[in-house]
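The lines below spell out each chain.
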Amino acid sequence: MNNQNSTGAEHIAKARQADPGNSLKISSEWYEITIALAMVSMSAWFFFQARNLRGSFFSSVGPATFPQAISLLLGATSIFLLFYSVKRLFKNKNLPRTCIQRPLAIGLGVLLFCIFPYSMSKFGYYITMAIWLVPFAWIANVRKPLTVASLVIGFVLFSKLVFNMLLGTPL
Amino acid sequence: MIDGILSAVTALTSIDAIWALGLGILLGYIVGAIPGLTSSIGMALLIPFTFGMDAVPAMVMLVAMYMAADFAGSIPAILVNAPGQPAAAVTAFDGYPMTQRGEAGKALAVSVLSSGMGALISIVLLTFTAQQMAGFALAFGPTEYFALAVLGLSLVSVLGAESKLKSLVGLLFGLLLVTIGIDSFSGQIRFASHVGLLEGIPFLPALIGLFALSEVFYMLEGSKTKASPMTTIPRATGPRGTGAVGMLVKFWRTLLSSSFIGYFVGVIPGAGSSVASLVSYGIAKRTSKDPDSFGKGNPEGIVASEAANNASVSGALAPLLALGIPGSASAAVLIGGLAIQGLEPGPMLFTRNPEMPYSIFVSLFFGMPLMVALGLLGVPLWMKVTLIPKGIVATVVAGICLLGSYAFSNSIFTIGVTVFFGVAGYLLRKAGIHPAPIVLALVLGKLLEVNFRRAMIISGDSWTVFFSTPISIVLLSTSCIILFGPLLARLLERKIPDQST
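Remember, it's a predicted structure, so these values are computed and weren't measured experimentally.

*Asks:* Could you clarify how one ought to interpret the overall build of chain B in this entry?
*Replies:* A count of helical and extended segments in chain B gives 22 helices and 2 strands. At 22 Å, chain B has a C-alpha radius of gyration in line with the 23 Å of a compact globule built from 501 residues. Dimensions along the principal axes, computed over C-alpha positions, put chain B at roughly 70 × 65 × 50 Å. Looking at the 501 residues of chain B, the share that counts as buried comes to 64%. Within chain B, contacts between residues separated by at least 24 positions form 79% of all contacts whose residues are at least 6 apart in sequence.

Set out below in structure tokens:
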């Protein structure tokens, strides 16, 4: 057996330690509290918006019933989640942490994905994708110019060949 | 059934269908071999490419990929203890120790052959049971469908990996999103602030976002590391061929029982291959003559895990095709594939388009030898695939996500939907809320509401309608037991020690 290959478990552990400084660590409890509060807000919004819907002529169960029922259930379960997270927050001293590795890369990635649709409306699919792939590959640590160029050209040609020519779906 | 099989064989003799089968298997192996990419991600990304295809080749390609990805996931699991698919983690328990002993070739051969046999047995079960299920479901009315959807959703929430509460939150989040769009009964617009949402949240772009794009963010996190821990390709040393076949003959009982376990666990919505392989492994260990050897390189462990996890693929297809209820997140993705072809899964599929389900059964049956051959002969190739840097995989997958969501309807709005769900999926996964319950809720939510309201209208607003037929009573009672049983058990446990003191 080739001893140069590490096991999967060791690899995962090494990956986590690879760049310990370049990570954003938040207490898991605070993160869950944030998510729970977002869910409670969302369920409240749906509940109150549903009140604007007119009832049904055929039944007491109208278009508002299901959304209101589900939003109440979501609100209740989110409050449970909030409660348990707050309880853990006050109970434990050594709390686990939610870790986001390379937060700047993740933030830039989100930004690039948000920019893509706006660029498409101005420049069309092919130009946008050709330009967009370059910074994305960069933040994905693909740094060799030849590799990036091959990726861009290959992907754009692939899109043209498969969708336009083979499937007849214009982009 | 014979007519269905004959029409399927006719449909599959076209060059398109044969190409689709081969391509699906090849792509499935590539997706399955790369850690981080799962069959559901692969299928979600492949669906947009089926737009211009005929229905039979499109579905054959998707299903072939689904099955082949589970075959391939065990290869890196055995060689370097890094499963390519979550279900293959159980295979690594015994597969990796066998590799460490110099029996990698035997472990791989046992794995591939067990997968093949498990899949073959389950395809036969699928062919016979799906038609029966569909026939049974023809008698279903709105109350039965509502009760079935409640059962499916309750199973999904309970079988959540990390936390049942978090699975429930994800499920309810998905159910709430399903209410967006024009109400099919009154025609009123519900919560749709954009014209693109009038028909509800576009399912395929949401699927691509939740599964594939959220995974891209995880890949960006770890893009400084390679996809695989290997620096060189290990040789699949050790006896193959007759040694492996001998193992299968020796453990024929485990092979048979694991295939059945995998199939029936796969039928349960939300269970999936991981649960199937864990359950089967646990049972095989308990009933083995040498249970202590499990986890130390016993080939029987590989047989149990691989037969079950591949049998569960067919199991998940049974309720999907017969009832329209997906047995797993990957099966839920197939609903998107069927929808693009204008097909609705359920009992009517067997009467209106019988060539579709039977084409799936027959293609899996004939594709099995090809999958086994590729698995046995192509190990060095699949291992090379795992050496592709994560950054390149992330870039390609990101591009395909954007391409696929745009191609869905040539609309920029759908790209926005994919991005929204990708970011939401990533943030929710960080909180331990997995996308699978959300996707299953997006699938079952409409079924739930529409049938609930239909039943109420038919019954004149009488809630007793849901307890008027034996089927709905059984299904709803089972759902209550599943949802509240564990809670009641815990309360009773606390009460009994208190009473004894």
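*Asks:* Can you walk me through the overall build of chain A in this structure?
*Replies:* Within chain A one finds 6 helices and 2 strands. When the elements of chain A are put in sequence order from the N terminus, they spell out α-β-α-α-β-α-α-α. In chain A, which comprises 171 residues, the share counted as buried stands at 31%. Excluding contacts between residues fewer than 6 apart, the proportion of contacts in chain A whose partners are at least 24 apart in sequence is 62%.

*Asks:* Any chance you could explain helix H6 (residues 145–166) of chain A here in plain terms?
*Replies:* Helical geometry: 3.6 residues make up each α-helical turn, so side chains three or four residues apart lie on a common side. Residues and elements named next belong to chain A. Helix length check: H6 (22 residues) gives 30 Å between terminal C-alpha atoms against 32 Å at 1.5 Å per residue, within 8%. Buried within H6 are the following residues: Val 148, Leu 151, Val 152, Phe 155, Ser 159 and Phe 163. What you see down the axis of H6 is that its buried residues fit within an arc of 95°, all on one side. Turned more than 90 degrees away from the buried face of H6 sit Pro 145, Leu 146, Ile 153, Leu 157, Leu 161, Met 165 and Leu 166, all of them exposed.

*Asks:* Would you mind going over unusual backbone geometry with me for this structure?
*Replies:* Note: most peptide bonds trans; most residues except glycine with negative phi. One non-glycine residue, A:Arg102, lies in positive phi territory at about 50°. Structurally, the position occupied by A:Arg102 is in the loop between strand E2 (97–101) and helix H4 (103–123). When the 23 C-beta atoms within 10 Å are taken as the criterion, A:Arg102 is described as buried. The phi dihedral of B:Phe191 is positive, around 60°, even though this residue is not glycine. Note that B:Phe191 resides in the loop between strand E2 (189–190) and helix H10 (203–221).

*Asks:* It is not clear to me how the interface of chain B and chain A should be interpreted in this structure. Could you clarify?
*Replies:* By convention, interface size is frequently given as the accessible area that disappears when the constituent parts associate. In this assembly, 60 residues from chain B lie in contact with 71 residues from chain A. Counting residues per element, the ones that place at least two in the side of chain B that touches chain A are helix H6 (88–100), helix H9 (164–178), H10, helix H19 (390–409), helix H20 (412–430) and helix H21 (435–459) of chain B. The element that contributes the greatest number of residues to the side of chain B that touches chain A is H19(B), accounting for 11 residues. Its residues assigned to classes, the side of chain B that touches chain A comprises 34 nonpolar, 18 polar and 8 charged.

*Asks:* Sorry if this is basic, but what is going on with the packing of H6(B) against helix H7 (residues 104–137) of chain B here?
*Replies:* In a packed pair of helices, the relevant descriptors are the angle between the two axes and the axis-to-axis distance. Residue and element names in this part refer to chain B. At their nearest, the axes of H6 and H7 sit 7 Å apart, and the two run at 150° to each other. On the basis of the axis angle, H6 is roughly antiparallel to H7. Where H6 crosses over H7, the handedness of that crossing is right-handed. Packed against H6, whose contacting residues are Thr 91, Gly 95, Met 98 and Thr 99, the element H7 presents Ala 104, Lys 106, Ala 107 and Ser 111 at the interface. Each residue belonging to the contact of H6 with H7 can be placed in one class, and the counts come to 3 nonpolar, 4 polar and 1 charged.

*Asks:* Help me out: how do you make sense of H7(B) in this one?
*Replies:* Look at H7(B): 46 Å from first C-alpha to last across 34 residues, which is about the 50 Å you get at 1.5 Å a residue. Taken across its 34 residues, H7(B) has 27 buried, putting it largely inside the fold.

*Asks:* Is there a simple way to think about the environment of B:Tyr29 in this case?
*Replies:* Residues and elements named next belong to chain B. Checked against the element boundaries, Tyr 29 lands in helix H2 (residues 15–33). Given 25 C-beta atoms within a 10 Å radius, Tyr 29 is considered buried. Taking the C-alpha atoms as reference points, Tyr 29 and Glu 355, separated by 326 residues in sequence, lie 26 Å from one another. Excluding residues within four positions of it along the chain, Tyr 29 makes contact with Ala 68, Phe 71, Ala 72, Leu 374, Gly 378 and Trp 382.

*Asks:* Would you mind showing me how to read the packing of H7(B) against helix H12 (residues 252–267) of chain B here?
*Replies:* Residues and elements named next belong to chain B. Across the interface, H7 lies against H12 with an axial gap of 9 Å and an inter-helix angle of 55°. Taken together, H7 and H12 sit at an angle that is classed as oblique. For the pair H7 and H12, the crossing hand works out as right-handed. Two secondary-structure elements touch here, H7 through Ser 114, Met 117, Gly 118, Ile 121, Ser 122 and Leu 125 and H12 through Leu 255, Ser 258, Ser 259, Gly 262 and Tyr 263. Of the residues in the contact of H7 with H12, the class split is 5 nonpolar, 6 polar and no charged.

*Asks:* How do you make sense of the nonpolar core when you look at a structure like this?
*Replies:* All names here are of chain B. Grouped together as the largest cluster of nonpolar side chains are 218 residues, with contacts concentrated most on Leu 62 and Met 65. Ranked by the residues each element gives to this core, the list is headed by H7, at 17 residues. When residues no more than four places from it in sequence are discounted, the contact partners of Met 65 are Gly 24, Leu 27, Gly 28, Val 31, Ser 39, Gly 42, Met 43 and Leu 46.

*Asks:* Explain the confidence of the model for chain A here, please?
*Replies:* Low-pLDDT portions of the prediction should not be read for the details of their coordinates. Residues and elements named next belong to chain A. Looking at chain A, the pLDDT average stands at 83 and 84% of residues meet or exceed 70. A low-confidence stretch, residues 1–9 stays under pLDDT 50, and its non-local contacts, those more than four residues away or across chains, total 25 contacts. Every residue in residues 15–20 is under pLDDT 50, and counting partners more than four places away or in other chains gives 7 contacts.

*Asks:* Would you mind going over the confidence of the model for chain B with me for this structure?
*Replies:* Residue and element names in this part refer to chain B. Scored by pLDDT, chain B comes out at a mean of 84, with 93% of its residues at no less than 70. No element of chain B has a lower mean pLDDT than helix H11 (residues 242–250), which averages 73, and none a higher one than H20, which averages 94. The complex prediction reports pTM at 0.85, with the ipTM value standing at 0.87.

*Asks:* So what exactly am I meant to see when it comes to the environment of B:Leu349 here?
*Replies:* All names here are of chain B. Within the secondary structure, Leu 349 is located in helix H16 (residues 347–352). By the C-beta count within 10 Å, which is 20 here, Leu 349 ends up buried. The spacing of Leu 349 and Gly 324 is 25 residues in sequence and 9.3 Å in space, taken between C-alpha atoms. Leu 349 has contacts with Leu 321, Leu 343, Glu 344, Met 356 and Pro 357, leaving out every residue within four places of it along the chain.

*Asks:* Teacher, can you tell me more about the environment of B:Gly422 here?
*Replies:* Tracing the backbone through its elements, the reader meets B:Gly422 in helix H20. Measuring from C-alpha to C-alpha, the distance between B:Gly422 and B:Asn81 comes to 29 Å, with 341 residues separating the pair along the chain. Here B:Gly422 is in contact with A:Phe113, B:Gly209, B:Leu213 and B:Ser214, once residues within four sequence places are set aside.

Definitions and cut-offs
- Residues numbered from 1 in each chain as written.
- Chains lettered and ligands numbered in written order.
- Predicted model: local features only at pLDDT ≥ 70, side-chain atom pairs only at ≥ 80, totals over all residues.
- Helix = DSSP H or I, 4+ residues; strand = E, 2+ residues; numbered from the N terminus.
- Rg over C-alpha atoms; globule rule 2.2 N^0.38 Å.
- Buried ≥ 20, exposed ≤ 12 C-beta atoms within 10 Å, placed from the backbone.
- Contact = placed C-beta atoms within 7 Å.
- Expected span 1.5 Å × (residues − 1).
- Arc of directions from axis to C-beta.
- Nonpolar A, V, L, I, M, F, W, Y, C, P; charged D, E, K, R; others polar.
- Axes fitted to C-alpha atoms, helices over the stretch in contact; angles between N-to-C directions.
- Parallel < 35°, antiparallel > 145°, perpendicular 65-115°, else oblique.
- Left-handed = near helix turned anticlockwise from the far one by under 90°.
- Core = buried A, V, L, I, M, F, W, Y, C linked by C-beta atoms within 7 Å.
- pLDDT = per-residue confidence, 0-100.

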